[in-house]
Amino acid sequence: MPSDSDDPAAAAPSLRQRRVHAVVAQSQTRRERHQSPMYHESSDPTLEFVYHPRTISVLVALLAGFLYVALYVDPSNDMLNTKWGLLALCSVFVVVSVILFRDGPFVRPHPAFWRAVLALNVLYEMFLVFLLFQSKATGRQIMTFFDPALGHMLPERSYGDNCALTLANVRDGIDIFVLAHSLGWFGKALIIRNHTMCWIMSIVFELLEYSLAHQLPNFNECWWDHWILDVFTCNWLGIYVGMKFCEHYKMKTYTWHGIREIRSIKGKITRAGAQFTPYNWTAYDWAPTRRFKNFVGILFFAVLIMLAELNVFYLKSLLWIPPEHLLVTARLALLFLFSLPSAREYYEYYSNPRCKRMGAHCWMLIVTLVTELLIIVKFGRGEFSEPFPLPVIAFWSLVAAAIVGFSVWQFVLVPHLWPTPSASSPSSATGTDKFNQ
């Protein structure tokens, strides 16, 4: 007697099962289509209601905001109308980008948040491109659109007038920028995720301040301000705390539970707050001496970070923006948000041979930094007439020669003098597979 499993009708899936499988397949296809092909991260299932599409709700809210502005904003104030119009334009662009852009490398607090960050980067780049085609005087006048108090030459401020190492001088050197130094290097530690690289770049930036003090007076600091206050106090504190955060999230066991599965109110609140922490953590193993591509890639990465650091000092000097102004703070905060997914995408492109395309966040950030540099070069004509001191030229020439000499030694001479097993050997292949994970 044949069993039930031999019956073709019994073995065939029911109509309900076929419909369920079809819905699951459509959802998977839709998720893969809107997701970056480099990461293939699925949406966080613990808060499913957050990840449902809300395009109609967003459309209604956007139109309601337009209706309010159209009915209740004073139409006789041209400046106010222009600001409202630009704000509405940016809002529409961000909303459309959130709906249409691909997901980036992060899923917390929500993929839509990082799509909005990418949209803000695009808006900032478009503003920079517009500024690039203006004259220096027009650029300074544009800043008055954001704040009418701007547009006036700033007084030159130097921190190197009295360099005697006394308690009074050290106390006078402590201001709000001490906190800015610590917070800045805390953020850079989260971006770089490597203790040695953070320290190298911290020291390199102080050397750049020495080298560019003839152009920017606020780089003219006392030796103890450079090394005691900046490097070994503020930068050390920021790097230490930032790397502790990295170690905590690296060692953490990620076990996520849905809010509905948690019974206590305190547990639900804790889980809701955890939505703003990483879903998982990727430790960066930069390994700059492993191969020549790594060495060039880490040099390029370091140049980008130094460019992001220096650009803000030149832009605020050329556009007459005080260091404590909200525009400077906003630019630094936005660049931090831009850099988090950009560094993740850069590391993926840098370390994974199977990754053939640079991510959108990383691409946009590189374009943004280069555009800022072009604005500085254009607006800086006639501003920095003093030539570079000969010691500065000699020092950086030696640094460049050392980098070239090390690369020739490490990647040309060493493989010929002390050859290692070929990449086809089992041990070498295992190491490569581990590196790519």
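Residues numbered from 1 in each chain as written. Predicted model: local features only at pLDDT ≥ 70, side-chain atom pairs only at ≥ 80, totals over all residues. Heavy atoms only, no water.

Attention shifts here to unusual backbone geometry. Located in the positive-phi region is arginine 193, a residue other than glycine, with phi close to 60 degrees. Inspection of the secondary structure puts arginine 193 in the loop between α8 (176-192) and α9 (195-211). With a phi angle near 60 degrees, tryptophan 320 is a residue other than glycine that sits in the positive phi range. Accessibility expressed as a relative area gives 18% for tryptophan 320, which makes it buried. (Helix = DSSP H or I, 4+ residues; strand = E, 2+ residues; numbered from the N terminus. Buried < 20%, exposed > 50% of the residue type's maximum accessible area, 1.4 Å probe, protein only.)

Further remarks concern the state of the cysteines. Within this structure, the stated rule accounts for one disulfide. Two residues share a disulfide in this structure: cysteine 163 and cysteine 222, whose sulfurs sit 2.3 Å from each other. Across the S-S bond of cysteine 163 and cysteine 222 the torsion is about -85 degrees, and the bridge reads as left-handed. Here the residue cysteine 163 occupies a position in the loop between α6 (136-146) and α7 (167-173), and cysteine 222 occupies one in the loop between α9 and α10 (223-251), the gap between them amounting to 59 residues. Given the relative accessible area of 29%, cysteine 163 is considered partly exposed. Cysteine 246 supplies the cysteine sulfur nearest to cysteine 198, a cysteine that is in no disulfide, at a spacing of 7.7 Å. No disulfide involves cysteine 355; its sulfur sits 9.8 Å from that of cysteine 362, the nearest cysteine. For cysteine 355, a relative accessible area of 9% translates into the label buried. (Disulfide = S-S within 2.5 Å.)

Here the protein chain averages 81 in pLDDT, while 77% of its residues score no lower than 70. When pLDDT is averaged over each helix and strand of the protein chain, the minimum, 36, is found for helix α16 (residues 426-436) and the maximum, 97, for helix α14 (residues 360-379). Taken as a whole, residues 29-44 scores under 50 in pLDDT and shows 35 contacts with residues more than four places along the chain or in a different chain. In the model, residues 423-437 has pLDDT below 50 throughout and makes twelve contacts with residues more than four positions away in sequence or in other chains. (pLDDT = per-residue confidence, 0-100. Contact = heavy atoms within 4.5 Å.)

On to the UniProt feature "transmembrane region" (unreviewed entry) in the protein chain. According to UniProt, the "transmembrane region" (unreviewed entry) feature falls on residues 51-72, 84-101, 113-133, 295-314, 326-343, 363-381 and 393-414. The span residues 84-101 is 94% helix and 0% strand, and its two end C-alpha atoms sit 25 Å from each other. This span, residues 113-133, is 95% helix and 0% strand, and a straight line between its end C-alpha atoms measures 31 Å. (UniProt positions renumbered as here; feature names shortened; annotations may be inferred.)

Attention now goes to the side chain of lysine 188. Within the fold, lysine 188 resides in helix α8. Look at lysine 188 and you get buried, because its relative accessible area is 11%. Those residues in contact with lysine 188 that lie beyond four places of it in its chain are Arg193, Cys198, Ile305 and Glu309.

Time to look at the pattern of salt bridges. With the rule as written, the count across this model stands at eight salt bridges. Between lysine 136 and glutamate 383 there is a salt bridge, and its shortest N-O distance comes to 2.8 Å. Pair noted here: lysine 136 is in helix α6 and glutamate 383 is in the loop between α14 and α15 (390-417), with a separation of 247 residues, a long-range link. With a relative accessible area of 21%, lysine 136 lands in the partly exposed category. Beyond isolated ion pairs, a larger network of salt bridges with shared partners links Lys136, Arg140 and Glu383. (Salt bridge = Lys/Arg side-chain N within 4 Å of Asp/Glu carboxyl O.)

Moving on: the nonpolar core. Counting 62 residues, the largest nonpolar core has Ile192, Met197, Met201, Trp286, Phe301, Leu369 and Ile375 as the members making the most contacts within it. Those elements giving two or more residues to this core turn out to be α5 (111-132), α6, α8, α9, α10, α12 (292-318), α13 (326-351) and α14. Among the elements that take part in this core, α12 stands out by supplying 13 residues, more than any other. In this structure, phenylalanine 301 is in contact with Ile192, Met197, Met201, Trp286, Ala343 and Tyr346, ignoring residues within four places of it in sequence. Counting residues in hydrophobic clusters, the runner-up holds six residues, among them Val94, Ala112, Ala116 and Leu123. (Core = buried A, V, L, I, M, F, W, Y, C linked by side-chain atoms within 4.5 Å.)

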